[in-house]
Every structure is written in C-alpha cells, then in structure tokens.
Amino acid sequence: RFGNSDKGGAFSGDGVNIETRWAYTDFQLPSVASKARVALGLMPFSVNSFLWNETATAVKFYTDNLTLAWARGKETITGSDDSWNDNDLDGLLVRYDRKGRTYNAGLFALYQTQEDGNSDTGATLYNTDYEIKKLSSNVKFDLTSLGTDGTWSTPTQGGDVFVNWDLIYQTGSMDNTTFTDVFEPAGSNSNSGDFDIQAYLLHADVGVNVGATRVTLTSWYASGDDDATDTDLDAFLSTDVDRGDSIVLFEGGFTDDFYFTERPYLADKGMFFNKLAVDHKASEKMSFGGAVLYIQTAEDVTLDDGSKEKNIGTELDAYVKYKLYPNVELALNAGFLFADDVMDVYEDDANAESDVDIFRSTAQVRYQF
C-alpha cells in the first residue's frame, strides 16, 4: 500500500515484522528503441542527498536524461468517503541530468503537498521534529524545492581535482499549525496559524586525488529560522535522508540505525558545516582515513540562562577497513566530539554550558555477495 506504514509502504520502507527495503517492478517500454523505463513499487527514491534520498513507494518514468515521478510518503485514511489522494503526503518530481566527459549535472523540481486531514484540530510541530516525514497528518502543507547538483573533475599535475555541489531553494506554506521552538523560553517560543516557507541550502566539496590519497574539504550552509513567534519559516526542510558526514552526530557509524540525527541541520536552526577529510588506500586490502569537523548552527540557539550560541563543537573522526577476503570486510571507526555550548540544550542538567564531550565507536564484519 503506497504510503501506508502498516503495509510497509511509508517513508523509508519499514515493514511490520521485517524491514522490506525494496519491492518494485522496473521494465522497458515495448517498441521504444531508446531507454524509456517505468518503475513502480517500493524503490530507492533519489531526488538529492540533502533533500530526499531514501526508500519510498513511487511510480517513476525515466530515460538517460529525464526522470518523472510520483511518490507517496504517507497515506492517511480519515473517513470512508475519502478519495484516493485526500490527506495523503504526495510528491511530484521532474529531474533532468546531463553527463559529459568531465562532469555530471542535474536540475530538479520537487513539489510536495498534503491536504488537511482535520481542519478543526490543527497540529503542533516542535522544531526538534522539523522534517517532512515527521509532519502530522493534520498539517496542510505545500512545498516546492528547486535545485541543481553535480560533479566536475579534471586532471592536473598534482592530481585529479574534483568539485561536487548542491544548491536548493524552497518556497511554500504550512497551514493550520502551532509551531513551537523547544529551545526558547515558554511564552516566547510559539505561534499558531499559517506559515510561509522560504529556505535554502548551499553545499560544495572541493578535493584532490593524489595517487592513493584523497583530500576533501566539505562545507554546507542550511538556512535556519531565527524567530519562532512570526509567521515565516526560514529553515531548510529535508524529507527523508541519511547523511553520514559525522560519526558522532550523523549516520557515519557502521551501525547507522543508532544515531543522533539523519538531517543536515539541527532542529529548525539550520547548520554551517565544515569538514577536512583525508582518505588513503594503503593496499588492495586496507584503507584508512581521518577528518576534522567544525560545526555550527546557522541561527542562534537560546541556552538555559537566556544567552545565545551557535557553536555545536569540533569533531575528530577516524576509520580503518580491511578485506579479510574479497567479499568479507572488517571495519572500525571512531569519533570524538569536543562539544560546545549548543549541545547543552540536550543535556538533562542544562546550565548554559556543555558538560559532556561525546565519544562514539562502531565496528562491522560485512559479507557482500
């Protein structure tokens, strides 16, 4: 059932007894000489790694360059007289990709909408749940995301230089909602009514491959919201993603079903993310690497004493992988976050100072076939 969590068709494809990841049909249109395929079912649905990149129930038509798709992340049945699309959270995608000798570039437009399932009740959205897949079915919601992404590389005397980029602009509305910022003091942290959304995300990787070593500088800025009491939502809004850029904060661990957040931002405060990573392939069997990360929110977070802070912290990451056999890999990684004061809002004894640095290490034995 498309969008139905009880039938395994909701966001991320989680089933009832087991996790069914994919179950879809993909076929070439008959009597068409060029590539022209239709896929339908529970499939990998990739719009953009910062916007929507997960399993979803969808119908997709695609060629070498063009993708047209409809996806349903959530089905909401509120009455026997509902039509097939009443109250459901649907997305319509148009994407065009172009590949050259040194580049891949794409343009996309994603329109997402959800009708109000219960206009008399309305809904409450806490900023800590600021993600489309977490929206209540009582939120009347429309969002258009326009963007471009791609890669470019060129050989130089010092090595292969590469650039990856993502630029996304969002506009829309979220109606019949009470928006509550749990970081702000009670009385100055909430507003109810209809909200306008204007948000954006900018991302770039710049790096070089020198022999068996890769050096990458990653930076992104996801816009945040600076006022919970107005009717503007300025924070970038992901749908369903799995960011793995940090071992401590994101899904960078090998056991990535246990993580702090999957989103490229912190609540509705956005994020200014910076990372310098070095990866080295020592042999056909062994590879290792490390990274330094400096992370901030885009907008101020209010601490327990009323002061404002943006610094999340500085993180050190490292990993090593070893192929015991061609299809069996051992891997270990670790991350240490020198937590700054923003992280105090998640501590039980909030005192406007971060009291706990965070260490996380994961390991795996992976058999691939």
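Our structure's up above, just so we're on the same page.
J.: Please explain the nonpolar core as it appears in this structure.
T.: Considering soluble globular proteins, one finds that nonpolar side chains tend to be buried as a cluster. Membership of the largest hydrophobic core comes to 58 residues, with the highest contact counts inside it found for Phe45, Phe141, Met174 and Met271. Apart from the residues lying within four places of it in its own chain, the contact partners of Met271 are Trp220, Tyr221, Ala222, Phe250, Pro264, Tyr265, Leu266, Ile295, Gln296, Thr297, Ala298 and Ile312.

J.: I tried to follow the pairing of strand E15 (residues 308-325) on my own but got confused; where do I start?
T.: Here is the key point about a regular strand: its side chains alternate between the two faces of the sheet. Relative to E15, strand E14 (residues 286-302) runs antiparallel, the two being bridged by 13 bridges. The partner of Gly290 across the bridge, within E15, is Ala318. Count of turn residues in the E14/E15 antiparallel hairpin: five residues, of which Gly306 carries a positive phi of about 90°. Between E15 and strand E16 (residues 328-339), which follow one another and run antiparallel, lie two residues.

J.: Where do I start with the pattern of salt bridges in this structure?
T.: Any two side chains of opposite charge can pair, given that their charged atoms come close. If you walk through the whole model with that rule in mind, you get 16 salt bridges. Salt-bridge contacts for Asp149 lead to Arg95; the nearest nitrogen and oxygen are separated by 2.6 Å. Here Asp149 is found in strand E8 (residues 140-156), whereas its partner Arg95 is found in strand E5 (residues 89-99), with 54 residues between them in sequence. The salt bridge partner of Asp181 is Lys269, with a shortest N-O separation of 2.8 Å. Separated by 88 residues along the polypeptide, Asp181 in the loop between strand E9 (159-180) and strand E10 (190-210) and Lys269 in the loop between strand E12 (232-233) and strand E13 (271-281) bring together distant segments of the chain. Residues Asp181 and Lys269 agree in their burial class; the two are buried.

J.: Looking at this structure, I do not really get the layout of surface pockets. What am I missing?
T.: Empty space left among the atoms is revealed by rolling a probe the size of a water molecule over them. By volume, the largest pocket is sized at about 750 Å³. Forming the boundary of the largest pocket are 30 residues, of which Gly244, Asp245, Lys275, Asp279 and Tyr319 lie nearest the centre. When residues of the lining of the largest pocket are traced back to their parent elements, those giving at least two are E9, E10, strand E11 (213-222), E13, E14, E15, E16 and strand E17 (358-367). Looking at the lining of the largest pocket residue by residue, the class counts come to eight nonpolar, twelve polar and ten charged.

J.: Honestly, the environment of Ile132 in this entry has me stumped. Any pointers?
T.: With respect to the element layout, Ile132 can be found in the loop between strand E7 (123-126) and E8. Each residue touching Ile132, except ones within four places of it in the same chain, is listed here: Leu89, Gln112, Phe141, Leu143, Leu237, Ser238 and Thr239.

J.: Just to check I follow, could you spell out the packing of aromatic side chains for this structure?
T.: The description of an aromatic ring pair uses the distance of the two centres, along with the angle that the planes make with each other. Following the criterion strictly, the structure yields 17 aromatic pairs and no others. Look at Phe11 and Trp52: their rings are 5.9 Å apart centre to centre, the planes differ by 55°, and that puts the pair in the tilted class. Here the residue Phe11 occupies a position in the segment before strand E1 (23-28), and Trp52 occupies one in strand E3 (residues 52-62), the gap between them amounting to 41 residues. On the basis of relative accessible area, Phe11 is assigned to the buried category, the value being 10%. Relative to Tyr265, the ring of Phe236 lies with its centre 6.4 Å away and its plane at 80°, an arrangement referred to as edge-to-face. Here Phe236 is found in the loop between E12 and E13, whereas its partner Tyr265 is found in the loop between E12 and E13, with 29 residues between them in sequence.

J.: So what exactly am I meant to see when it comes to the side chain of Asp268 here?
T.: When you line up the elements, Asp268 lands in the loop between E12 and E13. No salt bridge is formed by the buried Asp268; the nearest opposite charge belongs to Lys269, separated by 4.0 Å. What Asp268 contacts, discounting residues up to four positions off in sequence, is Asn127, Tyr130, Phe179, Asp181, Gly224, Asp225 and Ala235.

J.: Is there a simple way to think about empty space enclosed by the protein in this case?
T.: This model, assessed by the stated rule, comprises one cavity of 30 Å³ or more. As a volume, the largest cavity reaches approximately 30 Å³. Considering the residues around the largest cavity, the lining is formed by Leu249, Phe250, Phe260, Thr261, Tyr265, Leu266, Met271 and Ile312.

J.: Hey, could you run me through the side chain of Asp205 in this one?
T.: Structurally, Asp205 is set in strand E10. In this structure the side chain of Asp205 is engaged in a polar contact, spanning 3.0 Å, whose partner is the side chain of His203. Non-local contacts of Asp205, meaning those with residues more than four positions away in its chain, are made with Phe162, Val163, Asn164, Thr216, Leu217 and Thr218.

J.: Help me understand unusual backbone geometry in this model?
T.: Outside of glycine, negative phi angles account for most residues, and trans bonds account for most peptide bonds. Of note, the phi angle at Asn176 is positive, near 55°, even though the residue is not glycine. With respect to the helices and strands, the residue Asn176 is situated in strand E9. The phi dihedral of Ala352 is positive, around 70°, even though this residue is not glycine. You can see Ala352 is positioned in the loop between E16 and E17.

What counts, and at which threshold
- Residues numbered from 1 in each chain as written.
- Predicted model: local features only at pLDDT ≥ 70, side-chain atom pairs only at ≥ 80, totals over all residues.
- Heavy atoms only, no water.
- Core = buried A, V, L, I, M, F, W, Y, C linked by side-chain atoms within 4.5 Å.
- Buried < 20%, exposed > 50% of the residue type's maximum accessible area, 1.4 Å probe, protein only.
- Contact = heavy atoms within 4.5 Å.
- Pairing = 2+ DSSP bridges.
- Helix = DSSP H or I, 4+ residues; strand = E, 2+ residues; numbered from the N terminus.
- Salt bridge = Lys/Arg side-chain N within 4 Å of Asp/Glu carboxyl O.
- 1 Å grid on protein atoms, 1.4 Å probe; cavity = no way out; pocket = protein on both sides within 12 Å on 5 of 7 lines; lining within 4 Å.
- Points joined across faces, edges and corners; volume = space filled by probe spheres on them.
- Nonpolar A, V, L, I, M, F, W, Y, C, P; charged D, E, K, R; others polar.
- Phe/Tyr/Trp six-rings, centres within 6.5 Å; stacked < 30°, edge-to-face > 60°.
- Lys, Arg positive; Asp, Glu negative; His and termini not counted.
- Polar contact = N/O pair within 3.5 Å; in protein donor to acceptor, adjacent residues only side chain to side chain.

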